[in-house]
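Each chain, letter by letter, is given below.
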Amino acid sequence: VFLVDLKNGELKLRPVSFTNESCYLPPLRHPAVTSFSDNLDSESIQYLVHGGKTPNNEVSQKLYIISMPSSVNKKITLCCSEKDLVGDIPEARYGHSIHVVHSRGKKAVMIFGGRSYVPLHLRTTEKWNSVVDCQPFVYLIDLQFGCSTMHAIKEIQDGVSFHVSISHNDTVYIIGGHSLENNLRSPNVYKINVDLLLGSPAITCNVLQCRLSFSSSIVTSTGPDEFFIVGGYESDSQKKMTCHKVLISNNNIEFEDVETPEWTGEIKHSKT
């Protein structure tokens, strides 16, 4: 793990160590990662890491919490702990998304999408390592008690993996992604609202149309209500070379084209 600093237009990597109390965090491919703080005004940020492929090509179902207990003499030290879950535990997966949503003064962790291996009882010798999209269920986790509940959404019928997702207060936008079953990159945007009512949460979904369809893109926040999407694929053989700004205002989402950088030949011609 490295801390990445951007100074004077240069990226600098600073090594990070873990406390003796930390659990083992394996190197993971395509896990779901998000950041959050205990309260909106806190500068103490923690990170959630869920799922991903392990070095021996197994798929993880573990949820890790990473915090920064101290920073002495510019040395970054992290603490990693594994969170035990009960209830409807999300199956092992990768290529999914995780977010923290805030509603009615409470917060919950939302997990959606991803891929996993075909269940053991359905595997054959020829397709032992075949993967399938996970069912399009929404999982909500109470981070304090580790209680997980599963919620089906009638508006989403197909599994979605390697999508872009953006959270804003009590709402998560699912953008793009790839469905294995129909080999489709959908132009739909799924606007999922989470209302953390006392007792049982209420989840609603609105399907919005978008002129973009892509998968495996990168999204980053450039402001409280502004995000930037770059990279990814428009099809199996066509990389996404355009960049887009995402604006969220008045409970609405908009996409704007932005000027594309002069990509290097390495980026233009590489397969990934």
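Computed from a predicted model, the values in this text were never measured in an experiment.

## Some thoughts on the packing of aromatic side chains
Then, in step 1: Enumeration according to the criterion identifies one aromatic pair in this entry.
Then, in step 2: Ring geometry for Tyr-94 versus Phe-162: centroids 6.0 Å apart, planes at 70°, classification edge-to-face. Placement of Tyr-94 in the loop between strand E7 (86-87) and strand E8 (97-103) and of Phe-162 in the loop between strand E13 (147-152) and strand E14 (164-168) is noted, with a sequence separation of 68 residues between them.
Then, in step 3: What makes Phe-162 buried here is its relative accessible area of 17%.

## Things to note about the pattern of salt bridges
Side-chain pairs of opposite charge can arise whenever the charged atoms involved come near each other.
Then, in step 1: Taken as a whole and judged by the stated rule, the model has nine salt bridges.
Then, in step 2: Taking the shortest distance from any N to any O, the salt bridge between Arg-14 and Asp-5 comes out at 3.2 Å.
Then, in step 3: Residue classification places Arg-14 among the partly exposed positions, given a relative accessible area of 26%.
Then, in step 4: Of the charged contacts, one joins Arg-185 and Asp-236 as a salt bridge, the two residues approaching to 3.1 Å between their closest N and O atoms. With Arg-185 in strand E17 (residues 184-185) and Asp-236 in the loop between strand E21 (226-230) and strand E22 (243-249), this pair connects stretches of sequence that are 51 residues apart.

## With respect to a nonpolar patch on the surface
Then, in step 1: On the surface, Phe-2, Val-4, Leu-6, Leu-11 and Leu-13 cluster together to form a nonpolar patch covering roughly 580 Å² of accessible area.
Then, in step 2: Counting residues per element, the ones that place at least two in the nonpolar patch are strand E1 (2-7) and strand E2 (10-18).
Then, in step 3: The biggest single contributor to the nonpolar patch is E1, with three residues.
Then, in step 4: Relative to the assigned elements, Phe-2 resides in strand E1.

## What about the side chain of Ser-186?
Then, in step 1: Relative to the helices and strands, Ser-186 is located in the loop between E17 and strand E18 (188-195).
Then, in step 2: Classification of Ser-186 by relative accessible area gives buried; the value is 15%.
Then, in step 3: Setting aside residues up to four positions removed in sequence, Ser-186 forms contacts with Gly-176, Gly-177, Leu-212 and Ser-213.

## Looking at the confidence of the model for the chain
Then, in step 1: Predicted confidence across the chain gives a mean pLDDT of 90, with 94% of residues reaching 70 or more.
Then, in step 2: Mean pLDDT in the chain bottoms out at strand E5 (residues 63-72), which sits at 82, and peaks at strand E12 (residues 137-142), which reaches 97.

## Observations concerning the nonpolar core
Then, in step 1: Grouped together as the largest cluster of nonpolar side chains are 16 residues, with contacts concentrated most on Met-110, Phe-112, Val-138, Ile-156 and Ile-192.
Then, in step 2: Of all the secondary-structure elements, those providing two or more residues to this core are strand E9 (106-112), E12, strand E15 (171-175) and E18.
Then, in step 3: Not counting residues up to four positions away in its chain, the partners in contact with Met-110 are Ser-97, Ile-98, His-99, Val-138, Tyr-139, Leu-140, Val-172, Ile-192 and Val-194.
Then, in step 4: Core analysis: the second largest hydrophobic core is formed by 14 residues, Val-164, Ile-166, Ile-229 and Val-246 among them.

## Re the sheet that holds E8
Sheets are built from strands that pair by backbone hydrogen bonding, the pairs being arranged parallel or antiparallel.
Then, in step 1: Pairing is mixed in the open sheet, where five strands are placed in the order E7-E13-E12-E9-E8. On the outer flanks of this sheet lie E7 and E8, each paired with one strand and no other.
Then, in step 2: Two elements, E9 and E12, share four bridges in a ladder whose sense is antiparallel. In the sheet register, Phe-112 faces E12, and the bridge partner there is Val-138.

So, how was this worked out
Along each chain, numbering runs from 1 in the same order as the chain's sequence is written. Owing to the predicted nature of the model, reporting of local features is limited to residues with pLDDT of at least 70; listing and counting of side-chain atom pairs is limited to 80 or more, with chain, interface and lining totals taken over all residues. Excluding hydrogens and water, the side-chain figures rest on all heavy atoms present in the structure. Stacked, tilted and edge-to-face pairs are distinguished by plane angle, under 30 degrees for stacked and over 60 for edge-to-face with tilted covering the rest, among Phe, Tyr and Trp rings (Trp via its six-membered ring) whose centres lie within 6.5 Å. Secondary structure elements are taken from DSSP: a helix is a run of H or I of four residues or more, a strand is a run of E of two residues or more, and numbering for both begins at the N terminus. To sort residues, take the accessible area from a 1.4 Å probe on protein chains only and compare it with the maximum for the residue type: under 20% means buried, over 50% means exposed, and anything in between is partly exposed. When a carboxyl oxygen of Asp or Glu lies within 4 Å of a side-chain nitrogen of Lys or Arg, that pair is called a salt bridge. Residues forming no salt bridge and having over 30% relative accessible area are the ones grouped into patches, like charges within 9 Å of each other and nonpolar side chains (Val, Leu, Ile, Met, Phe, Trp, Tyr) within 5 Å. With residues, only the protein chains shown are counted as cover, and all accessible areas are computed by Shrake-Rupley using a 1.4 Å probe. The contact criterion used is simple: two residues touch if any of their non-hydrogen atoms lie within 4.5 Å. As a per-residue measure, pLDDT tells how confident the predictor is, with possible values from 0 to 100. As used in this record, nonpolar core signifies buried Ala, Val, Leu, Ile, Met, Phe, Trp, Tyr and Cys residues forming a set joined through side-chain atoms within 4.5 Å. Pairing between two strands requires that DSSP report at least two bridges joining them.

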